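# Secondary and tertiary structure notes
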Amino acid sequence: MQMRTLGPRSRTLGTVIAALAALRGWPLRRYLTAVVTALITVLVVAVPTAMIPTPIFGREIAVTLWAWPALLLTAVLSGLLFATYVRSADERAEATKEGRAGALGGFLTFLAVGCPVCNKLALLALGYTGAIQWFAPVQPWLAVLAVGLLSWALVKRLATSESCALPASTRGWRSRRTRVPDVPSA
């Protein structure tokens, strides 16, 4: 019998199915963490970008039609991703590239939904007219990139959440040497 290897689509589908299975097995505590984190994400992004009007922050250009859906989708993904880091007492947390991708996705969302001329970096680099002509058209693409990064990070975290952790090597993952345990002599 000949073994068939899985193609990229089959592997991706398998990863998504594993991620959904892990999500279904979550305890209530993780779902509550996801909801609270999503609400905090909305506030942390919407208040300083003046999507929620406050006397402290102002906005010169109106909120775009796509900004709220992008922010809400980002908030849901951020909440779910944050909840993957909620561990039981016997597990230990680790820093992962998925966590860094999630943080970058949140930052890109902040840039994407903000007022283009209120962004001090864009204003300094491009000027008022440049921020409107060059940065504003890029903002929807930043939102798409942010959602893509958060989605990738969430699926990877969920798909590997049930896998066994390997012990950390003392010399790094590229080490060719292996430690042989001491065997008592007879």
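As shown above, the structure is provided for reference.
Keep in mind that this is a model prediction, so the values were computed, not measured.

Cut-off values and rules
Residues numbered from 1 in each chain as written. Predicted model: local features only at pLDDT ≥ 70, side-chain atom pairs only at ≥ 80, totals over all residues. Heavy atoms only, no water. Helix = DSSP H or I, 4+ residues; strand = E, 2+ residues; numbered from the N terminus. Buried < 20%, exposed > 50% of the residue type's maximum accessible area, 1.4 Å probe, protein only. Contact = heavy atoms within 4.5 Å. Core = buried A, V, L, I, M, F, W, Y, C linked by side-chain atoms within 4.5 Å. Phe/Tyr/Trp six-rings, centres within 6.5 Å; stacked < 30°, edge-to-face > 60°. Lys NZ or Arg CZ within 6 Å of the ring centre and 35° of its normal. Axes fitted to C-alpha atoms, helices over the stretch in contact; angles between N-to-C directions. Parallel < 35°, antiparallel > 145°, perpendicular 65-115°, else oblique. Left-handed = near helix turned anticlockwise from the far one by under 90°. Nonpolar A, V, L, I, M, F, W, Y, C, P; charged D, E, K, R; others polar. Patch = residues over 30% accessible without salt bridge, like charges linked within 9 Å, V, L, I, M, F, W, Y side chains within 5 Å. Areas by Shrake-Rupley, 256 points an atom, 1.4 Å probe, with all protein chains shown as cover. Salt bridge = Lys/Arg side-chain N within 4 Å of Asp/Glu carboxyl O.

What follows is about unusual backbone geometry. Despite not being glycine, Ala50 has its phi angle at roughly 60°, a positive value. Among the structural elements, Ala50 can be located in the loop between helix H2 (28-46) and helix H3 (67-83). By relative accessible area, Ala50 is classed as buried at 10%.

Attention now moves to the side chain of Thr74. Structurally, Thr74 is set in helix H3. If sequence neighbours within four positions are ignored, Thr74 has contacts with Thr109, Val147 and Leu150.

Moving on, we come to the environment of Leu71. Of note, Leu71 is situated in helix H3. Residue class for Leu71 comes out buried when judged on its relative accessible area of 0%. The spacing of Leu71 and Ala112 is 41 residues in sequence and 9.0 Å in space, taken between C-alpha atoms. Sequence-distant contacts of Leu71, defined by excluding residues within four places in its chain, comprise Thr41, Val42, Val45, Ala46, Met51, Thr109 and Val113.

The next point concerns the nonpolar core. With 15 residues, the main nonpolar core has Leu23, Trp26, Leu77, Leu80, Leu81, Leu154 and Leu158 as its most contacted residues. Those elements that provide at least two residues to this core are helix H1 (8-24), H3 and helix H5 (120-159). Top contributing element to this core by residue count: H5, with five residues.

Right, let's talk about the packing of aromatic side chains for a bit. This model, assessed by the stated rule, comprises one aromatic pair. Here the basic side chain of Arg157 rests over the ring of Tyr85, its NZ or CZ set 3.8 Å away from the ring centre.

This next bit is on the packing of H2 against H3. Between H2 and H3, whose axes approach to 7 Å, the crossing angle comes to 140°. Compared by their axis directions, H2 and H3 come out oblique. Where H2 crosses over H3, the handedness of that crossing is right-handed. Where H2 approaches H3, its residues Arg30, Thr33, Ala34, Thr37, Ala38, Thr41, Val42, Val45 and Ala46 are matched on the opposing element by Trp68, Leu71, Leu72, Ala75, Val76, Ser78, Gly79, Leu80, Phe82 and Ala83. Each residue belonging to the contact of H2 with H3 can be placed in one class, and the counts come to 13 nonpolar, five polar and one charged.

On the surface, a nonpolar cluster with roughly 310 Å² of combined accessible area is contributed by Leu28, Tyr31 and Leu32. Among the structural elements, Leu32 can be located in helix H2.

Attention now goes to the side chain of Ser78. In this fold, Ser78 is placed in helix H3. A relative accessible area of 14% means that Ser78 is categorised as buried. Apart from the residues within four sequence positions on either side, Ser78 is in contact with Thr37, Thr41 and Leu150.

Nothing here speaks to function; it is all geometry.
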